[in-house]
Amino acid sequence: MRCDGTKPACAQCVRAKKGDACEYDDGKGKTRTQIMREHIARLELRVRELENPEQSAPSMTLFDPHAISPYYSESSSSSSYDSPGKITYSASTSPTPFPLGEQERRSMLSPLSVTTPDIDPAAWESLNFADMTSVPAVNSFSGMEAPPLDHILLEIFIPHRHQCGLDVHVGRLRDSLSLAPQEQRHPVLMNAIYLWACYLSRPGSLSQYEQLYLSRTMASLGDAMQFTSKVVDLIQACCMLSLYYLSNGRLVEGSYYSAAACSLAIQCRLHQIGSVAQQMNPDIWDASFDLPPPQDNIERGERIATFWQVYNLDRCWSVVLRRPATLPDSDHPLASITTPWPQRIEDYENEDLDVGGGSPTIRGFFVQQAQSSSLSGFSTSALRVKASALFEGANRLSSSWSPRSMASGSFSENFAAFEHSIVRFATTLLPLHQVGGAIPDDKYALIVIHSLAHASMIRLHAPFMRDDGVSREKSIRAARSLIHVTKLITDADVEFLDPVIGLCWASAATVLESELARLQSSWPDPLNTMEVRGDLEALLFVMAKLGAKFPLVAYHSTKVQSCLDGE
């Protein structure tokens, strides 16, 4: 029988209960099958162009950075920024700071490649302390047309969201893709998510779009700054950009975006959620920095989680970057962190939330750690924040030592009190033998928390271990405790670990390398180094695994290997 041409489904398909699959050519537009066939044909053509570049001249679509933002354009559709479209990127732009030869460059661009380029330590040193212009900028594209990947990349990213510190309501994040453009999460956040999904897909085929999404994220930053209602998306994206650069060894760029996230978080008062608004100096432009009230507890919870995402990034990586932390926390009314401890997003959804009382959060933790009455202060997310505070605080205290401070006696008192805080915090953690039985997300977090606690003890004592036997013993004990934590890590777990744990392992390796040198130089006969070498080999084993994902960790693993090789 003939198709009667009824819209949206013909009578024949309706009677057959196949209305959703009904499509026919009415001469007025293309069917879904026709559109898909054309898309497949374009992809096949692009594959042929890539395989035979000398026989074809691929088309190039240019991106206009000065074009009016499509984000709030009435004529824009979600596809204008949900998928890569025809934005292109340069094959010569590497996401790592290490100079690559032609062979390594080809292997990184190949979707089928399973090799990673060797890291040259000399190149690393020149990156950090010499000419920074050798790091390629994100300012060009090459003619690559990518299929719509937004839903695929989002699903790849969601299980890894805590790995880069992002905590959002997953259902709302998914639903955002189908909302009107004005109601969606801003493209700066979505493209940062897609960037991380490609990054974590290395060396798979999706990793070829990594530079593309990095470029798209960078291009969205300026637009996001225009809308106060989207500033939380912008802060989250800055955190993810920062960690992306840092884990790739591009420390200057990573530090830049970390500082940007800190500045925005303070400007929008995310550090004082739940506090009484300050009424001092009510300038006429002051309200322009105020976020609109959260629509519900979930949105409030996401703002709380976003602030602590910034805090963890700032406190942990400022130690690595050897600079002071950016986020202030003092008794000044504008600088005191009073945002309540983070909780699970599910807790906010169930309206089981800590509203906060405006009292100092971090400073209160140090003063009355064991007497905290807030149950939210013992959530896994809150424990992660406390571990970050201890890690940075230990480093700040030990680096402030001077002969004058030692003579005054105040340094010794503060040192003993801080060491007690680390030990006391460790007693609140789930014992290691129970960590393996925790749900996956909690297991990954607890592994990092335990590691940060031991690394805090190393940061506190390591500067003094050469001349003080007690500090040396405590540093070595903490380093071996870190190695004990690594025994919990399976091959599958490595895929979900926060890259900061690699820096904890690097701290332990530094202690053990120092001890190995001490034993080898002992007089008159070198002491047995077998145990220390075994510890270093255990660290190298896990560092090499994580280094396959994060170049910064790979760099530190090469240093451990060089030490074991006697170089």
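Rules used in this analysis
- Residues numbered from 1 in each chain as written.
- Predicted model: local features only at pLDDT ≥ 70, side-chain atom pairs only at ≥ 80, totals over all residues.
- Heavy atoms only, no water.
- Axes fitted to C-alpha atoms, helices over the stretch in contact; angles between N-to-C directions.
- Helix = DSSP H or I, 4+ residues; strand = E, 2+ residues; numbered from the N terminus.
- Parallel < 35°, antiparallel > 145°, perpendicular 65-115°, else oblique.
- Left-handed = near helix turned anticlockwise from the far one by under 90°.
- Contact = heavy atoms within 4.5 Å.
- Nonpolar A, V, L, I, M, F, W, Y, C, P; charged D, E, K, R; others polar.
- Buried < 20%, exposed > 50% of the residue type's maximum accessible area, 1.4 Å probe, protein only.
- Arc of directions from axis to C-beta.
- Salt bridge = Lys/Arg side-chain N within 4 Å of Asp/Glu carboxyl O.
- Phe/Tyr/Trp six-rings, centres within 6.5 Å; stacked < 30°, edge-to-face > 60°.
- Lys NZ or Arg CZ within 6 Å of the ring centre and 35° of its normal.

**Student:** Any chance you could explain the packing of helix α15 (residues 380-399) against helix α19 (residues 440-461) here in plain terms?
**Tutor:** Two numbers describe a pair of packed helices, the interaxial angle and the distance between the axes. In the contact formed by α15 and α19, the axes pass within 8 Å of each other and the chain directions differ by 15°. Comparing the axis directions of α15 and α19 gives the class roughly parallel. The chirality of how α15 crosses α19 is left-handed. Of α19, the residues touching α15 (which contributes T380, L383, R384, A387, S388, L390, F391, A394, N395, L397 and S398) are D442, A445, V448, I449, L452, A455, S456, R459 and L460. When grouped by side-chain class, the residues that make up the contact of α15 with α19 number 12 nonpolar, five polar and three charged.

**Student:** Teacher, can you tell me more about helix α6 (residues 150-157) here?
**Tutor:** An α-helical turn contains 3.6 residues, so a residue and the one three or four places further along point in the same direction. Those residues of α6 that sit buried are D150, L153, L154 and F157. Buried residues in α6, looked at end-on, bunch into an arc of 105°, giving them a common side.

**Student:** Where do I start with the packing of helix α12 (residues 297-321) against α15 in this structure?
**Tutor:** Two elements in contact, α12 and α15, have axes whose closest approach is 9 Å; the angle formed by their N-to-C orientations is 30°. With respect to α15, the element α12 is oriented roughly parallel. The handedness of the crossing between α12 and α15 is left-handed. Facing W308, Y311, N312, R315, C316, S318 and V319 of α12, the residues of α15 in contact are R384, V385, S388, A389, F391, E392 and N395. Along the lines of polarity and charge, the residues of the contact of α12 with α15 split into seven nonpolar, four polar and three charged.

**Student:** Sorry, what's going on with the pattern of salt bridges here?
**Tutor:** Where charged atoms from two side chains of opposite charge approach closely, those side chains can pair. One pass over the structure, following the stated rule, counts 22 salt bridges. Measuring nitrogen to oxygen at the nearest pair gives 3.8 Å for the salt bridge that ties R315 to E392. With R315 in helix α12 and E392 in helix α15, the pair connects residues that are 77 residues apart, well separated along the chain. There is no split in this pair, since R315 and E392 are both buried. In this structure, R344 and D442 form a salt bridge, with 2.5 Å as the shortest nitrogen-oxygen distance. Separated by 98 residues along the polypeptide, R344 in the loop between α12 and α13 (345-349) and D442 in helix α19 bring together distant segments of the chain. Overlapping salt bridges bring together D314, R315, R323, E392 and R396 as one network.

**Student:** Explain the packing of aromatic side chains to me, please; I cannot follow it from the model alone.
**Tutor:** Ring pairs (aromatic) are described by centroid distance and by the angle formed between their planes. Summed over all chains, the structure comprises 20 aromatic pairs. When the centroid spacing of 5.0 Å and the interplanar angle of 80° are considered together, the rings of Y199 and Y244 count as edge-to-face. Of this pair, Y199 sits in helix α8 (residues 187-200) while Y244 sits in helix α10 (residues 231-247); the two residues are 45 residues apart in sequence, bridging distant segments of the chain. Exposure class is identical for Y199 and Y244. Each is buried. Summarising the aromatic geometry, the rings of W401 and F464 are spaced 6.1 Å apart at their centres and angled 75° between planes, so their arrangement reads as edge-to-face. On the criterion of sequence distance, the pair formed by W401 in the loop between α15 and α16 (403-408) and F464 in the loop between α19 and α20 (469-486) is long-range, its members being 63 residues apart. We classify W401 as partly exposed; its relative accessible area is 38%. Residue classification places F464 among the buried positions, given a relative accessible area of 17%. Seen from the ring of W341, K386 lies directly overhead, with NZ or CZ sitting 5.0 Å from the centre. Positioned above the aromatic ring of F378 is the side chain of K386, whose terminal nitrogen or guanidinium carbon lies 4.5 Å from the ring centre.

**Student:** I'm lost on the environment of C504 in this one. Help?
**Tutor:** As for its placement among the helices and strands, C504 is situated in helix α22 (residues 500-520). Spatially, the C-alpha atom of C504 lies 9.6 Å from that of R459, the residues being 45 residues apart in sequence. Once residues within four sequence positions are removed from consideration, C504 is found in contact with S451, L452, A455 and L482.

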